[in-house]
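The residues making up each chain are set out below.
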Amino acid sequence: MSAFQRKLDILQFVPTAPRKVSSRQIFENLQNCGHHHIDMRTIQRDLVNLENVGLFGLEVDKRSKPYGWYINANFKKLNLSLMDGNTALAFKVLEQSGATLPNSTLTEMQPYFDKATQILQQDSDSLLTNWLKSVADSQVSQPLIAPEIDASCFEKIKSAIFFKKQISADIKRVFSGGNETVWKHYDRVNPMGLVKQDGRQLFVCTFGTLHKRRYALPLQFIRNVTVTDDDCQQTFGELENVQFLTATSKEEVQLKLLVKNNSLFLLHGYKLSEDQTINKSSHKDKSLLIATVKDTNKLRAFLRGLGDNIEIIAPQKLRDYFCELSKKLYNTYT
């Protein structure tokens, strides 16, 4: 085995303080896991080298023999003083997208975020800093200004999710098709998770013990949050997680569209499904697109946005929907 692999294996056998281990014990453990052609002197040199590097928190107690090796209990897995530019860039990107990380993780990572900012600011003309300025993950949706979310409530909700504790809170309810809104107080709310969907932050929860329905509530609909000492009464099943909560259960349909050849999503090579096909049609400026899709509200919104660039041929139910919508729009604007 390589010297590099041997040193990695050495670190696996060094405990965190206050426990300690002798170089002889490390030597015997290495022999038992396949390092047969080594001697004690080699292991002692490796330990000294690893200690001198300073990256791994390895220290030695020389107050008595045999010396005891250990990992400093306060050691953080990355030595801040030795952070390089590539690592700083990675931490900066994580910081920008880390709003849904647990509070304890964000607190633990803050020194790394601060160090990353310092390193990248030291050379504002570096290639890495230029990368940070030149690349972005931009979510394009409707041109609306997002509502302000109460930071304190958000932190408490994340804490409740992390520690699996129930919350009590005031939650805004919408009635009569949006004409009436009421704030109601709820106890024994089970936090299931957070979903970021199309730029919106949603809190997924259930209520009480017996009510199994899951609700996805906009965070701005929640205020006066209190994290209780009561354990969450409901959890995900073995094969579930929060990513699948918003998945639709609608049946698949075969979508057939006449699409103008200059439609942007066709020109850019995007697909509505993996089995999508595009063929010539009897119209010289249009193509026939066929794809297996789910008839969801999101799909319909996308198709509405294409306006007169498309004509829906099938399924008939979807074509009827757009025919009726067209009539309503015509009556509204005439």
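Each chain has its residues counted from 1, running along the sequence as written. Local features in a predicted model are, by the rule used here, given only for residues with pLDDT of at least 70; side-chain atom pairs are given and counted only at 80 or more, and totals for whole chains, interfaces and linings are based on all residues. Each side-chain value is worked out from all heavy atoms of the structure, with water and hydrogens disregarded.

Caption draft 1: Examining the pattern of salt bridges more closely. The salt bridge definition used is simple: a Lys or Arg side-chain nitrogen within 4 Å of an Asp or Glu carboxyl oxygen. Enumeration over the complete set of coordinates arrives at 9 salt bridges. For the salt bridge of K165 with D231, the shortest nitrogen-to-oxygen distance reads 2.6 Å. Linking K165 in strand β3 (residues 165–175) with D231 in strand β7 (residues 222–231), this pair joins segments that are 66 residues apart in sequence. Several salt bridges converge on common partners, so that one network encompasses K20, D61 and R63. Note on conventions: DSSP H or I runs of at least 4 residues are helices, E runs of at least 2 residues are strands, and numbering of each starts at the N terminus.

Caption draft 2: Region of the structure containing the state of the cysteines. Working definition: a disulfide is two cysteine sulfur atoms within 2.5 Å of each other. Summed over all chains, the structure comprises 0 disulfides. Free cysteine: C205, not disulfide-bonded; nearest cysteine sulfur from C232 at 9.7 Å. Only protein chains enter the accessibility calculation, which uses a 1.4 Å probe. A residue is then buried if its area is under 20% of the maximum for its type, exposed if over 50%, and partly exposed in between. The buried category is assigned to C205, whose relative accessible area is 0%.

Caption draft 3: Representation of the packing of helix α9 (residues 297–305) against helix α10 (residues 316–333) in the model. Direction vectors running N to C along α9 and α10 enclose 55°, while the axes themselves pass 12 Å from each other. It follows that α9 is oblique to α10 by the angle criterion. Here α9 runs over α10; the crossing is right-handed. Of α10, the residues touching α9 (which contributes R300, L303 and R304) are K317, L318, Y321, F322 and L325. Residues are grouped as follows: Ala, Val, Leu, Ile, Met, Phe, Trp, Tyr, Cys and Pro are nonpolar; Asp, Glu, Lys and Arg are charged; all remaining types, including Gly, are polar. Its residues assigned to classes, the contact of α9 with α10 shows 5 nonpolar, no polar and 3 charged. Every angle, taken between N-to-C directions, lies between 0 and 180 degrees, and every axis is a line fitted to C-alpha atoms, over only the stretch in contact when it is a helix. We call two directions roughly parallel when the angle between them is under 35 degrees, roughly antiparallel when it is over 145, roughly perpendicular when it lies between 65 and 115, and oblique otherwise. Crossing handedness: left-handed means the near helix sits turned counterclockwise from the far one by under a right angle, and right-handed means the same turn made clockwise. The contact criterion used throughout is that any non-hydrogen atoms of two residues lie within 4.5 Å.

Caption draft 4: Molecular detail of unusual backbone geometry. Cis rather than trans, the peptide bond between A17 and P18 has omega equal to 15°. By the element assignment, P18 lies in the loop between α1 (3–12) and α2 (23–32). Between A314 and the following residue, P315, the backbone shows a cis peptide bond with an omega angle of 5°. If you trace the backbone, P315 turns up in the loop between β11 (310–314) and α10. Phi is positive for K164, which is not a glycine, with a value near 60°. Take K164: it is sitting in the loop between α7 (151–163) and β3. Judged by relative accessible area, which is 58%, K164 ranks as exposed.

Caption draft 5: Geometry of the sheet that holds β11. Here a strand pair is declared whenever DSSP counts at least two bridges between the two strands. As summarised here, the arrangement of the 4 strands in space is β9-β10-β8-β11, forming an open sheet in which the pairing is antiparallel. Looking at which strands have only one partner, the edges of the open sheet turn out to be β9 (277–280) and β11. Shown here is a sheet whose adjacent strand axes are inclined to one another by a mean of 25°, direction ignored. Pairing of strand β8 (residues 252–260) with β11 involves 4 bridges; the strand directions are antiparallel. Across the sheet, V259 pairs through a bridge with I310, a residue of β11. In the packing of α10 onto the sheet, the strands contacted are β8 and β11, and the crossing angle to β11 comes to about 140°.

Caption draft 6: Focus on the pairing of strand β4 (residues 180–197). Pairing geometry for β3 and β4, over 8 bridges, is antiparallel. Bridge pairing links D170 to H185 in β4.

Caption draft 7: The arrangement of the sheet that holds β7 in detail. In space, the 5 strands of this open sheet follow the order β6-β5-β4-β3-β7, with antiparallel pairing throughout. Two strands in the sheet have a free side with no partner beyond their single neighbour: β6 (215–218) and β7. Neighbour-to-neighbour, the strand axes of this sheet turn through a mean angle of 50°, independent of strand direction. Pairing analysis gives 4 bridges linking strand β5 (residues 200–207) to β6, with the strands arranged antiparallel. Paired with L202 across the bridge in β6 is P218. Where α7 meets the sheet, its contacts fall on β3, β4, β5 and β7, and the angle it forms with β7 comes to roughly 25°.

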